[in-house]
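Close look at the chain arrangement
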Amino acid sequence: QVQLVESGGGLVQPGGSLTLSCAASGFPFSGYAMGWYRQAPGKERELVARIRSGGSTTYADSVKGRFTISRDNAKNTVYLQMNSLKSEDTAMYYCHSGMGDWGQGTQVTVSS
């Protein structure tokens, strides 16, 4: 049974930083791409960043230079380091596996 468990969300001031984690289990993690998506109220879910099994990465234009996705295959965990956060980054953030599974989401709120 595939499980994706996100953690690390919270309330942060503009300009601040957060690191999200997604612990995966139930599938051969190292062989699959992993991604982070987000969905703000009233908006569609969008790709934030993706990391392939070989380590190459893709970012949404809106987060390039501010967010970094990484993975630790020994820990079956994917991370999203978010710096210089803006109010428009406020959303529910979801972990997604290359097998098509979703985590339950973790809320990120950027507000003063």
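In case you missed it, the structure is sitting above this.
A brief look at the structure comes next. Since the structure is predicted, the reported quantities are computational estimates derived from the model, not experimental observations.

Applying the stated criterion to the full structure yields 1 disulfide. Across a sulfur-sulfur distance of 2.1 Å, Cys-22 and Cys-95 are joined as a disulfide pair. Across the S-S bond of Cys-22 and Cys-95 the torsion is about -80°, and the bridge reads as left-handed. With Cys-22 in strand E3 (residues 18-25) and Cys-95 in strand E9 (residues 91-97), this residue pair connects regions lying 73 residues apart in the sequence. Given a relative accessible area of 0%, Cys-95 falls into the buried group.

Along the chain, Gly-9 turns up in the loop between strand E1 (3-7) and strand E2 (10-12). Residues Gly-9 and Asp-89, spaced 80 residues apart in sequence, show a C-alpha to C-alpha distance of 12 Å. Contacts of Gly-9, omitting those with residues within four sequence positions, involve Leu-18, Leu-20, Thr-106, Gln-107 and Val-108.

Let us look at the side chain of Arg-38. Note on placement: Arg-38 falls in strand E4 (residues 34-39). Residue Arg-38 is classed as buried on the basis of its relative accessible area, which comes to 6%. At 3.3 Å, the side chain of Arg-38 forms a polar contact with the side chain of Ser-62. Here the side chain of Arg-38 touches Asp-89 through a polar contact of 2.9 Å, side chain to side chain. If we skip the residues at most four places from it in the chain, Arg-38 touches Glu-44, Arg-45, Glu-46, Val-48, Ser-62, Val-63, Phe-67, Glu-88, Asp-89, Ala-91, Met-92 and Tyr-93.

This brings us to the sheet that holds E2. With mixed pairing, the 6 strands of this open sheet are ordered in space as E2-E10-E9-E4-E5-E6. Edge positions in the sheet fall to E2 and strand E6 (57-59), since each has one partner strand and no second. Averaged over all pairs of adjacent strands, the angle between their axes in this sheet comes to 25°, without regard to strand direction. Sheet analysis places E4 next to E9, joined by 6 bridges and oriented antiparallel. Bridging from a neighbouring strand, Gln-39 pairs with Met-92 of E9.

Cut-offs applied
Residues numbered from 1 in each chain as written. Predicted model: local features only at pLDDT ≥ 70, side-chain atom pairs only at ≥ 80, totals over all residues. Heavy atoms only, no water. Disulfide = S-S within 2.5 Å. Helix = DSSP H or I, 4+ residues; strand = E, 2+ residues; numbered from the N terminus. Buried < 20%, exposed > 50% of the residue type's maximum accessible area, 1.4 Å probe, protein only. Contact = heavy atoms within 4.5 Å. Polar contact = N/O pair within 3.5 Å; in protein donor to acceptor, adjacent residues only side chain to side chain. Pairing = 2+ DSSP bridges. Axes fitted to C-alpha atoms, helices over the stretch in contact; angles between N-to-C directions.

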